[in-house]
Amino acid sequence: MKPTTQANTHLEDPRSKFPKPPFEGQSQGWPGLAGKMNPKPDHGEKSYKGSGRLIGRKALITGGDSGMGRAAAIAYAREGADVAINYYPTEEPDAKEVIALIAAEGRKAIAIPGDLREEAFCKSLVNEALQALGGLDIIVNNAGRQQASDSILDISAEEFDATMKTNIYAPFWILKAALPHLQRGSAIIATTSEQAYDPSPDLYDYAQTKAATMSYVKSLAKQLGSKGIRVNGVAPGPIWTPLQVSGGASQEKLKKFGEKTPLGRPGQPAELASIYVQLAANDGSFATGQIYGAAGGSGQP
Ligand code: NAD
Ligand code: MG
């Protein structure tokens, strides 16, 4: 479906705009599929309208098959960018939908499945994206692993390592491979979390990776400012995505997901799409080293 350029003419109540708890209990094996969730998340498939903010840009988005990454991929394509998405191979059904949506905008849509926990793959991911798109100027390090555990005693060294590899090492490897190719005006965007500031007791390993992400955004922004490359982060609160139904949240949490926010519901990925656009676009040029919160009234910053 082609988006229209019509302006929104009516006020929308943010409380009733999207589904609110109670939700049905549901669980999927990691990493889960958006297509199997109930209700299905809204990534802006029908609602996002572009206005030429990223014409000709070349973006690589990790975790681009679902959740925030998919919302960013759809929005970027509708703003005029060519987009490469990475995802875990078992997420092909979700990824196919995103590729079709990008292609429907007449933009290049490149699918690069693979496991981000491997350094060699992260390097080849960047090289493949560079070749297929003819360059890169937006890197969105968005993929993440979140597995809830009531006790630190239940987290094996292997699981701890998988969380660190996915959330901390993969962005490091990807950025090292991409940086020599980034021109002035390029943008790096990381997905961190409200967990960086207010960690939950059952997210011991995940929360510290999000604090690390918040920190690398601020460090790298200082390092790359003189090169004309901006680095920013997005800190979501509770958002309705596969990560939460594939081990990220307990069934008890899931049924009441988002209930504690002032809006009384979780966010949908579509509600964050314009933030990823803003942080990449030329008109966001004074934003670097910033973390944009999107937590529905709770959370920091
Ligand atoms: P999601 O499940 O849609 O996206 C996470 C993606 O990470 C998956 O689609 C998968 O493609 C990718 N991934 C994970 N491990 C991988 C691996 N080893 N190899 C390749 N890809 C891998 O869920 P989401 O909530 O949209 O997550 C996107 C980001 O948002 C994550 O960094 C997450 O930590 C962050 N976040 C989510 C919430 C929330 O409530 N959903 C809140 C704050 C932050
Ligand atoms: Mg996914």
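**Q** So what exactly am I meant to see when it comes to unusual backbone geometry here?
**A** Negative phi is the rule for most residues except glycine; trans is the rule for most peptide bonds. A cis amide bond links Pro21 to the next residue, Pro22, at an omega of 10°. Here the bond from Asn38 into Pro39 is cis, since omega is -5°, no more than 30 degrees from zero. Considering the arrangement of structural elements, one finds Pro39 in the segment before strand E1 (58-62).

**Q** I tried to follow the coordination of the magnesium ion (ligand 2) on my own but got confused; where do I start?
**A** Four donors placed tetrahedrally around a metal ideally meet at 109.5 degrees, and six donors placed octahedrally ideally meet at 90 or 180 degrees. Every protein donor of the magnesium ion (ligand 2) is listed here as Asp65 (OD), Ser66 (OG) and Glu91 (OE), and their distances to the metal cover 2.1 to 2.2 Å. Counting along the primary sequence, the residues that act as donors to the magnesium ion (ligand 2) give the motif D-S-x24-E. Judged by relative accessible area, which is 10%, Ser66 ranks as buried.

**Q** Can you walk me through a negative patch on the surface in this structure?
**A** A cluster of acidic residues, Asp150, Asp154, Glu158, Glu159 and Glu252, forms a negative patch at the surface. Take Glu158: it is sitting in helix H4 (residues 157-178). Exposure remark for Glu158: the relative accessible area of 63% places this residue in the exposed category.

**Q** Looking at this structure, how should I read the side chain of Gln268?
**A** Relative to the assigned elements, Gln268 resides in the loop between helix H7 (251-255) and helix H8 (273-280). Gln268 sits in the buried class, given a relative accessible area of 2%. At a separation of 2.9 Å, a polar atom in the side chain of Gln268 contacts the main-chain amide nitrogen of Asp42.

**Q** Explain the pattern of salt bridges here, please?
**A** Note on pairing: side chains with opposite charge can pair once their charged atoms come close. Across all of its chains, the model carries 13 salt bridges by this definition. A salt bridge links Glu12 to Lys17, with the shortest nitrogen-to-oxygen separation between them at 2.9 Å. Taking relative accessible area as the criterion, Glu12 reaches 41% and is therefore assigned partly exposed. For Lys17, a relative accessible area of 40% puts it in the partly exposed group. For the salt bridge of Glu45 with Arg70, the shortest nitrogen-to-oxygen distance reads 3.2 Å. Within this pair, whereas Glu45 is found in the segment before E1, its partner Arg70 is found in helix H1 (residues 67-78), the two being separated by 25 residues in sequence. In this structure Glu45 comes out as partly exposed when scored by relative accessible area, which is 22%. The structure contains a network of salt bridges with shared partners spanning Glu45, Arg70 and Glu97.

**Q** Even after reading the chapter, I still don't get the packing of H4 against helix H5 (residues 204-224), so can you show me in this structure?
**A** When two helices pack together, their arrangement is given by the angle between their axes and by how far apart the axes lie. Interaxial distance between H4 and H5 falls to 9 Å at its minimum, and their mutual angle equals 15°. Judged by the inter-axis angle, H4 sits roughly parallel to H5. The interaxial crossing formed by H4 with H5 has right-handed handedness. Residues Glu159, Phe160, Thr163, Met164, Asn167, Ile168, Pro171 and Leu175 of H4 pack against Tyr204, Asp205, Tyr206, Gln208, Thr209, Lys210, Ala212, Thr213, Tyr216 and Leu220 of H5. Of the residues assigned to the contact of H4 with H5, the class counts are 10 nonpolar, 5 polar and 3 charged.

**Q** Looking at this model, I keep getting lost on the sheet that holds E1. Mind explaining?
**A** The pairing of strands in a sheet happens through backbone hydrogen bonds and is either parallel or antiparallel. With respect to topology, 7 strands assemble into an open sheet ordered E3-E2-E1-E4-E5-E6-E7, the strand pairing being parallel. The two strands at the open ends of the sheet, each matched to only one other strand, are strand E3 (109-113) and strand E7 (291-294). Across the sheet, the mean angle from the axis of one strand to that of its neighbour is 15°, orientation sign disregarded. In terms of strand pairing, E1 meets strand E2 (residues 82-87) through 5 bridges, oriented parallel. Residue Leu60 lies in a different strand from E2, and its bridge partner there is Ala84. Across the sheet, H1 touches E1, E2, strand E4 (138-141), strand E5 (187-191) and strand E6 (230-236), and the angle it forms with E1 is around 165°. Strand contacts of H5: E4, E5, E6 and E7, with the helix running at about 165° to E5, the strand carrying the most contacts.

Cut-off values and rules
Residues numbered from 1 in each chain as written. Chains lettered and ligands numbered in written order. Predicted model: local features only at pLDDT ≥ 70, side-chain atom pairs only at ≥ 80, totals over all residues. Heavy atoms only, no water. Helix = DSSP H or I, 4+ residues; strand = E, 2+ residues; numbered from the N terminus. Donors = N, O, S within 2.8 Å, 3.2 Å for Na, K, Ca; no water. Buried < 20%, exposed > 50% of the residue type's maximum accessible area, 1.4 Å probe, protein only. Patch = residues over 30% accessible without salt bridge, like charges linked within 9 Å, V, L, I, M, F, W, Y side chains within 5 Å. Areas by Shrake-Rupley, 256 points an atom, 1.4 Å probe, with all protein chains shown as cover. Salt bridge = Lys/Arg side-chain N within 4 Å of Asp/Glu carboxyl O. Lys, Arg positive; Asp, Glu negative; His and termini not counted. Charge placed at Lys NZ, Arg CZ, Asp CG, Glu CD. Polar contact = N/O pair within 3.5 Å; in protein donor to acceptor, adjacent residues only side chain to side chain. Axes fitted to C-alpha atoms, helices over the stretch in contact; angles between N-to-C directions. Parallel < 35°, antiparallel > 145°, perpendicular 65-115°, else oblique. Left-handed = near helix turned anticlockwise from the far one by under 90°. Contact = heavy atoms within 4.5 Å. Nonpolar A, V, L, I, M, F, W, Y, C, P; charged D, E, K, R; others polar. Pairing = 2+ DSSP bridges.

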